[in-house]
Amino acid sequence: MAGKKPVSSLTYSISTGPIKKQPAQNVVRSLHQAYQRWRGVPYRFGGVDTEGIDCSAFTRSLYQEVYDMSLPRSTYEQIELGREITKNELQPGDLVFFRTGRTQHNGVYVGDGKFAHASSSVGVTISRLDNVYWRSRYWQARRLLDE
């Protein structure tokens, strides 16, 4: 084994600019279908599969399933992607970020004031942005996909 380089199958590509996205109705349907496959999976910090998943891994998985786009593994890396948008500009597929004390949290906006995410209290779920908890912790949104 001496002299051999470790092999990793974990790779990702980072897009710093928006890419073309599919029509809005298809996006919403695709996001909800992908969400249904993950719905109820418990939250687990560092988790990446149906045994348990954290927020950034869930966001990464949703983007892979819906857009065939690989995102970085961490929230800290994902917040560097695309471009910042206002809450009023949110469209399905945009990433939403929250400050939750010492950490950050993220999810994917699915339309109608809601976002899909891996909640530490209930697992993968859909929550409202205007929920008292999330409204007070909302930080920013990022658009990775443009028309």
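Conventions used here
Residues numbered from 1 in each chain as written. Predicted model: local features only at pLDDT ≥ 70, side-chain atom pairs only at ≥ 80, totals over all residues. Heavy atoms only, no water. Salt bridge = Lys/Arg side-chain N within 4 Å of Asp/Glu carboxyl O. Buried < 20%, exposed > 50% of the residue type's maximum accessible area, 1.4 Å probe, protein only. Pairing = 2+ DSSP bridges. Helix = DSSP H or I, 4+ residues; strand = E, 2+ residues; numbered from the N terminus.

A. Layout of the pattern of salt bridges. Under the defined criterion, the tally for this structure stands at 6 salt bridges. The salt bridge involving Asp49 is made with Arg44; its shortest N-O contact spans 4.0 Å. Residue Arg44 is classed as partly exposed on the basis of its relative accessible area of 40%. The residue Asp112 makes a salt bridge to Lys114 at a minimum N-O spacing of 4.0 Å.

B. Broad picture of the pairing of strand β5 (residues 95-100). Strand direction decides the pairing type here: β5 and strand β6 (residues 103-111), joined by 6 bridges, are antiparallel. In the sheet register, Phe98 faces β6, and the bridge partner there is His105. Linking β5 to β6, which pair antiparallel, is a turn of 2 residues; within it Gly101 sits at a positive phi near 90 degrees. As paired elements, β5 and strand β9 (residues 138-143) share 4 bridges and run antiparallel to each other. Paired with Leu95 across the bridge in β9 is Arg142.

In short, geometric facts, not functional conclusions.
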